[in-house]
Amino acid sequence: MPRVDFYRLTRDPVERVLPALAARVLGNGDRLLVVAAAAMQRQDIDAALWTANPASFLPHGHAGTPDEAIEPILLSGTLDTSPPNGASHLALADGEWREDALAFDRTFFLFDNSRIDDARATWRALAARDDVDNRFWKQDENGRWSEGP
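The rules behind the values
- All residue numbers refer to positions counted from 1 along the written sequence of the respective chain.
- For this predicted model, a pLDDT threshold of at least 70 governs which residues receive local features, and a threshold of 80 or more governs which side-chain atom pairs are given and counted, while totals over whole chains, interfaces and linings are taken from all residues.
- Values shown for side chains rest on all heavy atoms present in the structure; no hydrogens or waters enter the calculation.
- Remark: exposure states derive from per-residue accessible area (1.4 Å probe, protein chains only) relative to the maximum for the residue type, with buried under 20%, exposed over 50%, and partly exposed in between.
- Secondary structure counts use DSSP, requiring at least four H or I residues in a row for a helix and at least two E residues in a row for a strand, with both numbered from the N terminus.
- Whether two strands pair comes down to DSSP finding at least two bridges between them.

K.L.:
So what about the pairing of strand β1 (residues 3–9)? Which residues, and what values?
P.N.:
Judged by how many residues are buried, β1 sits mostly within the fold: six of seven residues are covered. The sheet contact formed by β1 and strand β6 (residues 106–112) spans seven bridges and is parallel. Residue pairing in the sheet places Val4 in a bridge with Thr107 of β6. Relative to strand β7 (residues 133–139), β1 runs parallel, the two being bridged by five bridges. What sits directly across from Val4, in β7, is Asn134.

Below, the structure is given as C-alpha cells:
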C-alpha cells in the first residue's frame, strides 16, 4: 500500500525541509526522486542538497544527465513512474499533486499555504480510498515536525 506524507510548510521553505527528508531516505538505503516543475526551484533544491550539512553533501543529480541511473537522489521537472535511478520514494516539492505518485512506495507531498486548498482536496480524495496510507505532518515554531491534524 503506498504511503503519502503530507508536509505543510508553514515555517521553513521546501529547500530547508527536503534535505532532512532526503537524508532519512538515503539513511534507510532507499533512493529518492524529487519532482519540481520549475527549473529555478530545482536549482534551489540542488544548492540546498549541497549545503544543508556543512560536513557533507547529499549525493544527487539531474534527470537527463549521463549519470542519472547511479544518483541516489534524482531531481526532475516531470514525474517518471520508472525513474532511471530506481527510486521507490518520491518528493513532490512544488506542491502540485500528481496521481502517478501512487506508483511509489512512499511520497512526500510538500506544500505551502498558497497550495493549501489543493492539498486539502487531495487529502480528502486519498482518504476516501482504502489502498492509500495518508499521514499529515506539521511543523512547530521551533522547526520540529509532528504527526497530526
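K.L.:
How would you summarise the pairing of β7 if you had to cite specific residues and measurements?
P.N.:
One ladder, built from three bridges, connects β7 with strand β8 (residues 145–147); its direction is antiparallel. When the bridges of β8 are listed, Gln139 appears paired with Trp145.

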